[in-house]
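As a plain string of letters, each chain reads:
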Amino acid sequence: MSVSSHVRPPRTTPSSPAPRFDGLFDRLAPRLHRYGLLLLRGGLGGVFVWFGVLKAIGLSPAARLVVDVMPFDTGGWFVPALGWAEIALGAWLLSGRAQGALLPVLGGHLLGTFAVLVLTPHAAFDHANPLLLTMVGEFVVKNVVLLAAAVVVTTRPRGGAR
């Protein structure tokens, strides 16, 4: 007999909380996932509306960054127009309608925010080091998460429930 044949796997007793939790989690996971998607859609849509309103009414702390990164004269119209576009994107997200058409528009908007990293790297990186983000750099790079969230909430397998 080998040594490994004498080693018993750990026993799980009915009084152990792990099996009960695993079973409970298995039963709740589909519902949690469904509500999680709704919360993610609501949070993402709400953030777009909120940030858009701040731009539209002239109170966004990101307005100066937007103006500085644009390769053209933005005048006084661009930031408010961007704000209204973000409000529309947020409302579209919240509606849950035509999400397949929304994804490229939302993706384009979010990818556009990465222009800061290329056009004004001094604002995004400390000491020209791409690993040392400034607050502006963090503000921009977090959009990777927003982009991933946009993909999750705007797509679903065919025949899948939302």
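Bear in mind that the values here come from a model prediction, so they are computed numbers and not experimental data.

J.: Help me understand the confidence of the model for the protein in this model?
T.: One rule of thumb: low pLDDT means the predicted coordinates there are not for detailed reading. Looking at the protein, pLDDT values average 87 and 85% of them are 70 or higher. Averaged over each element, pLDDT in the protein is lowest for helix α1 (residues 17–56) (88) and highest for helix α3 (residues 78–95) (96).

J.: Where do I start with the packing of helix α4 (residues 99–112) against helix α8 (residues 143–154) in this structure?
T.: Between two packed helices, both the angle of their axes relative to each other and the distance between the axes serve to describe the pair. Where α4 meets α8, the closest approach of the two axes is 9 Å, and the angle between their N-to-C directions is 175°. Between α4 and α8, the angle is such that the two are roughly antiparallel. For the pair α4 and α8, contact is made by Q99, G100, L102, L103, L106, G107, L110 and L111 and by N143, L146, L147, A150, V151, V153 and T154, respectively. Grouping the amino acids of the contact of α4 with α8 by side-chain chemistry returns ten nonpolar, five polar and no charged.

J.: Sorry, what's going on with the packing of aromatic side chains here?
T.: To describe a pair of aromatic rings, one takes the distance between the centres and the angle between the planes. This model, assessed by the stated rule, comprises three aromatic pairs. When the centroid spacing of 5.5 Å and the interplanar angle of 80° are considered together, the rings of F72 and F78 count as edge-to-face. A residue is classified by how much of its surface remains accessible, and F78, at 15% relative accessible area, is buried. An angle of 80° between the planes, with centres 5.3 Å apart, marks the rings of W77 and F78 as edge-to-face. Counting every residue linked through ring pairs, the aromatic cluster contains F72, W77 and F78.

J.: I tried to follow the layout of surface pockets on my own but got confused; where do I start?
T.: Any empty space left between atoms is shown by rolling a water-sized probe over those atoms. For the largest pocket, the calculated volume is near 410 Å³. Contributing to the lining of the largest pocket are 24 residues, with V66, L82, E86, H109 and T113 lying nearest its centre. Across the lining of the largest pocket, the residue classes tally to 16 nonpolar, five polar and three charged.

J.: What should I look at first to understand the packing of α3 against α4 in this one?
T.: For the pair α3 and α4, the least separation of the axes is 11 Å and the interaxial angle reads 145°. Seen from above, α3 lies across α4 with left-handed handedness. For the pair α3 and α4, the contacting residues are L82, E86, L89, W92 and L93 in the first and Q99, A101, L102, V105, L106 and H109 in the second. Among the residues forming the contact of α3 with α4, the class breakdown is eight nonpolar, two polar and one charged.

J.: Help me out: how do you make sense of a nonpolar patch on the surface in this one?
T.: Judged by side-chain polarity, F21, L24, F25, L28 and L32 come together as a nonpolar surface patch covering roughly 470 Å² of accessible area. Within the secondary structure layout, L28 lies in helix α1. You can call L28 partly exposed: its relative accessible area is 34%.

J.: Can you help me understand the side chain of T134 in this one?
T.: Position of T134 among the secondary structure elements: in the loop between α6 (121–124) and α7 (135–141). Looking at T134, its side chain comes within polar contact range of the main-chain oxygen of A123, at 2.5 Å. If we skip the residues at most four places from it in the chain, T134 touches A123, A124, F125 and D126.

J.: Please clarify how α4 should be interpreted in this entry.
T.: Working note: α-helix, 3.6 residues per turn, so residues spaced by three or four point in the same direction. Counted at 1.5 Å a residue, the expected span for α4 with its 14 residues is 20 Å, and the 19 Å between its end C-alpha atoms agrees. Considered for burial, the residues of α4 that qualify are Q99, L102, L106, G107, H109 and L110. The buried residues of α4 occupy an angular sector of 165° when projected down its axis, which confines them to one face. The outward face of α4, more than 90 degrees from its buried face, is lined by the exposed residues G100 and P104.

About the criteria used
Residues numbered from 1 in each chain as written. Predicted model: local features only at pLDDT ≥ 70, side-chain atom pairs only at ≥ 80, totals over all residues. Heavy atoms only, no water. pLDDT = per-residue confidence, 0-100. Helix = DSSP H or I, 4+ residues; strand = E, 2+ residues; numbered from the N terminus. Axes fitted to C-alpha atoms, helices over the stretch in contact; angles between N-to-C directions. Parallel < 35°, antiparallel > 145°, perpendicular 65-115°, else oblique. Contact = heavy atoms within 4.5 Å. Nonpolar A, V, L, I, M, F, W, Y, C, P; charged D, E, K, R; others polar. Phe/Tyr/Trp six-rings, centres within 6.5 Å; stacked < 30°, edge-to-face > 60°. Buried < 20%, exposed > 50% of the residue type's maximum accessible area, 1.4 Å probe, protein only. 1 Å grid on protein atoms, 1.4 Å probe; cavity = no way out; pocket = protein on both sides within 12 Å on 5 of 7 lines; lining within 4 Å. Points joined across faces, edges and corners; volume = space filled by probe spheres on them. Left-handed = near helix turned anticlockwise from the far one by under 90°. Patch = residues over 30% accessible without salt bridge, like charges linked within 9 Å, V, L, I, M, F, W, Y side chains within 5 Å. Areas by Shrake-Rupley, 256 points an atom, 1.4 Å probe, with all protein chains shown as cover. Salt bridge = Lys/Arg side-chain N within 4 Å of Asp/Glu carboxyl O. Polar contact = N/O pair within 3.5 Å; in protein donor to acceptor, adjacent residues only side chain to side chain. Expected span 1.5 Å × (residues − 1). Arc of directions from axis to C-beta.

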